[in-house]
Amino acid sequence: MLYCARLAHVIEPQYPGAYETVVNLTNCWDEDAMQAVREGVMDAAKRNSRCHERCCRFLAAAGSLLNDSARLAADYVDAGKIARYAARVAHKEFRGKGMERGRETIRFLSAVTAQGVTTFAHTPEALCNRLYIVEDEYGAASRLLMNALRSHALSAGLDIISCYCISSPFDKLEHILIPELGVGFLTANRYHPFEIDSYRRVHARRFMDMDGLRTKKQRLSFNRKAIAELLGEASRLLAEAKEIHDELERFYTANMNFNQVDAVCKKTIEKFLSLCDHD
């Protein structure tokens, strides 16, 4: 396995020399020229770091409010009704493969970017021809439903792709894809609307006491507006960080010997091909 080491993008090898080889491109820049512009490099690097630090704080605040809204809504969810619905769907969709438990792969379908919240909406369509889309603004009912479906699928011996919320990446399951069956389950809301063809749309309100939830309307409205502001500022900071990063890279691009880079690249490819010939 080959690793390429360059500015700010080094992957540390786990078994250096024995299994991985580091491809070092730092020898290809003009060190004297880089030291002559050190003040500009250091200034840009610090500004870039501050942007990312501020962005993380805004994202953490948005995540806190998202979780607050989900906790509020959870008080009005009928968990038993969700469990029964999940069991019916599992009986209909999950054709088991035996006693062995299925395997789970963790992925993300969304990310906060310089362009706002970006969702890879076409990935589910590419992997599954039947999609259940659960409309749930607050993620309280869908979280219980997705966890129940996850449990049924794994118990049936099915391999699944579980996609978690970017604001709660360890406990808020939002989407499940089961490519071997061609079936997937997606949570849709204002952050990832999933305007795609679906096999069935499921509205979370069927599992909820909507009259009770309306008593929390003012607080939920406040959270929703604040979350939009926080995510908007996080995206703006990412855009600013990208501009600073481009500024930082220009220092290195101007002082890099790309003929040397090409030579290292050629040698690396030759080594890789020779390893392939031995397999």
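From a predicted model like this one, the values you see are computed outputs, not experimental measurements.

Calculation rules
Residues numbered from 1 in each chain as written. Predicted model: local features only at pLDDT ≥ 70, side-chain atom pairs only at ≥ 80, totals over all residues. Heavy atoms only, no water. Helix = DSSP H or I, 4+ residues; strand = E, 2+ residues; numbered from the N terminus. Contact = heavy atoms within 4.5 Å. Salt bridge = Lys/Arg side-chain N within 4 Å of Asp/Glu carboxyl O. Buried < 20%, exposed > 50% of the residue type's maximum accessible area, 1.4 Å probe, protein only. Phe/Tyr/Trp six-rings, centres within 6.5 Å; stacked < 30°, edge-to-face > 60°.

S.K.: Residue-level account of the side chain of serine 69, with values.
M.R.: Looking at the secondary structure, you find serine 69 in helix 2 (residues 38-74). What serine 69 contacts, discounting residues up to four positions off in sequence, is Tyr138, Leu220 and Asn223.

S.K.: Break down the pattern of salt bridges for me, citing the residues and quoting the values.
M.R.: Taken as a whole and assessed by the stated rule, the structure comprises 12 salt bridges. Its salt-bridge partner being arginine 47, residue glutamate 247 comes within 2.7 Å of it at the nearest N-O pair. Taken together, the residues span a long stretch of sequence, with glutamate 247 in helix 7 (residues 217-254) and arginine 47 in helix 2 at a distance of 200 residues. Looking at glutamate 247, the relative accessible area reads 27%, which means it is partly exposed. For aspartate 246, the salt bridge goes to lysine 242, with nearest N and O atoms at 2.8 Å. Of this pair, aspartate 246 and lysine 242 are both found in helix 7, four residues apart, which corresponds to roughly one turn of the helix. One salt-bridge network, in which partners are shared between bridges, spans Asp43, Arg47 and Glu247.

S.K.: Go over the packing of aromatic side chains, please, and point to the residues and values.
M.R.: All told, the structure shown has five aromatic pairs when counted by the stated rule. Ring centres of tryptophan 29 and tyrosine 252 lie 5.4 Å apart, and the angle between their planes is 55 degrees; this geometry places the pair in the tilted category. Here tryptophan 29 is found in the loop between strand 2 (21-24) and helix 1 (31-36), whereas its partner tyrosine 252 is found in helix 7, with 223 residues between them in sequence. With relative accessibility at 24%, the residue tryptophan 29 sits in the partly exposed group. Relative to tyrosine 199, the ring of tyrosine 132 lies with its centre 5.4 Å away and its plane at 65 degrees, an arrangement referred to as edge-to-face. You can see tyrosine 132 sitting in strand 6 (residues 130-135) and its partner tyrosine 199 sitting in the loop between strand 9 (183-188) and strand 10 (200-203), a full 67 residues away along the chain. Given a relative accessible area of 2%, tyrosine 132 falls into the buried group.

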